[in-house]
Amino acid sequence: MGKFQLKWGMLATGGIAETFGRDILLNPETRGIQDIEHVIVAAAASSSQSRARAFLDKIGAPESAVAYGTYKELAQDPNVDIIYISTPHSHHYQHCMLCLEAGKNVLCEKAFTTNAEQLKVLIQKAKEKNVFLMEAAWTRYFPLSLYVRRQIESGVIGTVYRTFADLSMLSPPESLPDSHRLVSPNLAGGVLLDTGIYALTWVFQTLFTTQPNPVAPAVLSTLRKNRLGTDEQVSILLTFPREKDGDAHGIATASVRTSTDPDERGTAGPAVRIQGSKGEIQVSRPAFRPTKTRIIFTDGKVEEKDWPQPGPGLGSGWYNGFRNEVGGVMDQEGEGHGMFWEADECAFALRDGRKQSQHHTLAESLVVMQVMDLVRAQNSIRFPEEIETTDYPVAI
Ligand SMILES: NC(=O)c1ccc[n+]([C@@H]2O[C@H](COP(=O)([O-])OP(=O)(O)OC[C@H]3O[C@@H](n4cnc5c(N)ncnc54)[C@H](OP(=O)(O)O)[C@@H]3O)[C@@H](O)[C@H]2O)c1
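No experiment lies behind these values; they were computed from the predicted model shown.

## Re the UniProt feature "domain: GFO/IDH/MocA-like oxidoreductase" (unreviewed entry) in the protein
What UniProt calls "domain: GFO/IDH/MocA-like oxidoreductase" (unreviewed entry) maps, in this numbering, to residues 147-281. Here residues 147-281 runs as 18% helix and 32% strand, with 11 Å between its end C-alpha atoms.

Here it is, written out as structure tokens:
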């Protein structure tokens, strides 16, 4: 049987689109995947067709890939199987609707939408059109994450009582222009939707995803605002009720005023600690792309594991990684960034006829969006109506 080929269209050509595009063009065999293949067949930039062409050339897409100067043309391209949406999260709702209405399968960057009501409409629309929809919560697809969830589910650290998760990166808001995604209310700015989502991802994938019948948590939160009234530091306490073991607590924090890793050498310890009756699992920083785990058992035994990011390797001259103005860093030569695993899940789902991820249901994405809505409501953060609305189409 031949390989299953997934034909991607890229909606937006910014920083993360470049990292994702370069990663999915790597040969899946470098990560032990034999039966699928990713091809980039088109890209669209809202600014100009020439920007889309330059993007395709830069990431090494095939020459046959088509460049569009509008997102609408991409959504209507019959050669595209799935669209990767990587506009700012304020725009995800409008752009997901554009693609779903056109009958396209969609992988949408985090945060999925501005609020839970928007996500509800998208889930309904995907169902109506019978297409696949998934949040690009890439960290959940790392073999490292699968391993951590398996350890929890099989009781390796006993009953889990608490997870601490932090994603804090020094990036003082005064060094950013008012228009920046991390601060601008017009782009649903602030740390909650931008990086807080990773701390929540770890709390959820350890205390919610691992439960047979998960229940939405109770939420208490506080945050600190920047000059534009969006959040620059957020602390969230979550109580997860469980049938068998009673409540579990999640503590999710994010900040641009402090750092999980102040000297950037990992000396400050793990970004995530999952604590159970028989020991704890520690996950290295940064919470979005960890490469090490350590299990410390109450009897003194310690199990450490490295989780390298496969790629073409040293000597390949191939580099990937974040390259944005907020302290972007490149990965080592030949090292993948790790975004291909979520793309592989899209391919497996479409090959097998599934309409959502097997590792992260749309129902769970919705609960996380509801938690973020609650945090914003508890701290009086509201964005402009045109990005909170469920109306479609709205020009923003
Ligand atoms: N998974 C991850 O690790 C990760 C990392 C960073 C960001 N993200 C997420 O990915 C999304 C994009 O982030 P990014 O870092 O790639 O941002 P970026 O570099 O600023 O790129 C955003 C792209 O969206 C397009 N766009 C359309 N309307 C826009 C508007 N009104 N304002 C600004 N840009 C607009 C832009 O133009 P063109 O259409 O012309 O290209 C631009 O290329 C965000 O939701 C963010 O949370 C995820």
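## Observations concerning the domain arrangement of the protein
Taken domain by domain, the protein consists of domain 1 (4-137 + 354-358) and domain 2 (143-306). Inter-centroid distance (C-alpha atoms) of domain 1 to domain 2 is 27 Å. Contacts between the two partners involve 9 residues from domain 1, matched on the other side by 8 residues from domain 2. Across the domain 1/domain 2 interface, buried area totals approximately 730 Å², and carbon plus sulfur atoms make up 69% of it. When residues of domain 1 are sorted by the area they lose upon contact with domain 2, His89, Ser90 and Lys110 head the list and together hold 57% of the total. Scanning the region where domain 1 abuts domain 2 turns up 0 salt bridges. In the side of domain 1 that touches domain 2, the residues fall into 2 nonpolar, 5 polar and 2 charged.

## Remarks on the site of the ligand
Looking at the ligand, there are 24 residues lining it, with Thr13, Ser46, Ser47, Tyr71 and Arg181 nearest. Separating an oxygen atom of the ligand from a side-chain N or O atom of Lys110 is a distance of 2.9 Å. In isolation the ligand exposes 890 Å². Once the protein is present, 80% of that is buried. Among the elements of the structure, helix 1 (15-24) and helix 7 (191-207) are those that each provide at least two residues to the shell around the ligand. Within the shell around the ligand, the residues separate by chemical class into 9 nonpolar, 10 polar and 5 charged.

## Focus on the UniProt feature "domain: Gfo/Idh/MocA-like oxidoreductase N-terminal" (unreviewed entry) in the protein
Per the UniProt record, "domain: Gfo/Idh/MocA-like oxidoreductase N-terminal" (unreviewed entry) is annotated on residues 7-134. Helix and strand shares over residues 7-134 are 39% and 22% respectively, and the end C-alpha atoms of the span are 16 Å apart.

## Considerations on helix 7
Along helix 7, the helix axis deviates most sharply at Ile197, where the bend reaches about 45°. Counted residue by residue, helix 7 has 17 buried out of 17 residues, so it is predominantly covered.

## Digging into the pairing of strand 6 (residues 133-136)
Pairing analysis gives 4 bridges linking strand 5 (residues 105-109) to strand 6, with the strands arranged parallel. Along strand 6, the bridge assignment pairs Cys108 with Glu135. In this region the chain leaves strand 5, passes through helix 5 (residues 116-129) and returns to the parallel neighbour strand 6; the handedness of that crossover is right-handed.

## Things to note about the packing of helix 4 (residues 92-101) against helix 5
Across the interface, helix 4 lies against helix 5 with an axial gap of 10 Å and an inter-helix angle of 10°. Here helix 5 runs roughly parallel to helix 4, going by the angle between their axes. Two secondary-structure elements touch here, helix 4 through Tyr93, Cys96, Met97, Leu100 and Glu101 and helix 5 through Gln118, Val121, Leu122, Lys125, Ala126 and Lys129.

## Digging into the packing of helix 7 against helix 9 (residues 362-378)
For the pair helix 7 and helix 9, interaxial distance at closest approach is 11 Å and the crossing angle is 125°. Judged by the inter-axis angle, helix 7 sits oblique to helix 9. Pair helix 7 / helix 9 crosses with right-handed handedness. Together, Leu192, Leu193, Ile197, Leu200, Phe204 and Gln205 of helix 7 and Glu364, Val367, Val368, Val371, Met372, Val375 and Arg376 of helix 9 make up the contact between the two elements. Of the residues belonging to the contact of helix 7 with helix 9, the class tally is 10 nonpolar, 1 polar and 2 charged.

Cut-off values and rules
- Residues numbered from 1 in each chain as written.
- Predicted model: local features only at pLDDT ≥ 70, side-chain atom pairs only at ≥ 80, totals over all residues.
- Heavy atoms only, no water.
- UniProt positions renumbered as here; feature names shortened; annotations may be inferred.
- Helix = DSSP H or I, 4+ residues; strand = E, 2+ residues; numbered from the N terminus.
- Domains from an automatic or database assignment.
- Contact = heavy atoms within 4.5 Å.
- Buried area = accessible area lost by both parts, 1.4 Å probe.
- Salt bridge = Lys/Arg side-chain N within 4 Å of Asp/Glu carboxyl O.
- Nonpolar A, V, L, I, M, F, W, Y, C, P; charged D, E, K, R; others polar.
- Near = heavy atom within 4 Å.
- Polar contact = N/O pair within 3.5 Å; in protein donor to acceptor, adjacent residues only side chain to side chain.
- Areas by Shrake-Rupley, 256 points an atom, 1.4 Å probe, with all protein chains shown as cover.
- Bend = angle between axes of the 7 residues up to and from the residue.
- Buried < 20%, exposed > 50% of the residue type's maximum accessible area, 1.4 Å probe, protein only.
- Pairing = 2+ DSSP bridges.
- Right-handed = clockwise from strand over helix to strand, strands pointing away.
- Axes fitted to C-alpha atoms, helices over the stretch in contact; angles between N-to-C directions.
- Parallel < 35°, antiparallel > 145°, perpendicular 65-115°, else oblique.
- Left-handed = near helix turned anticlockwise from the far one by under 90°.

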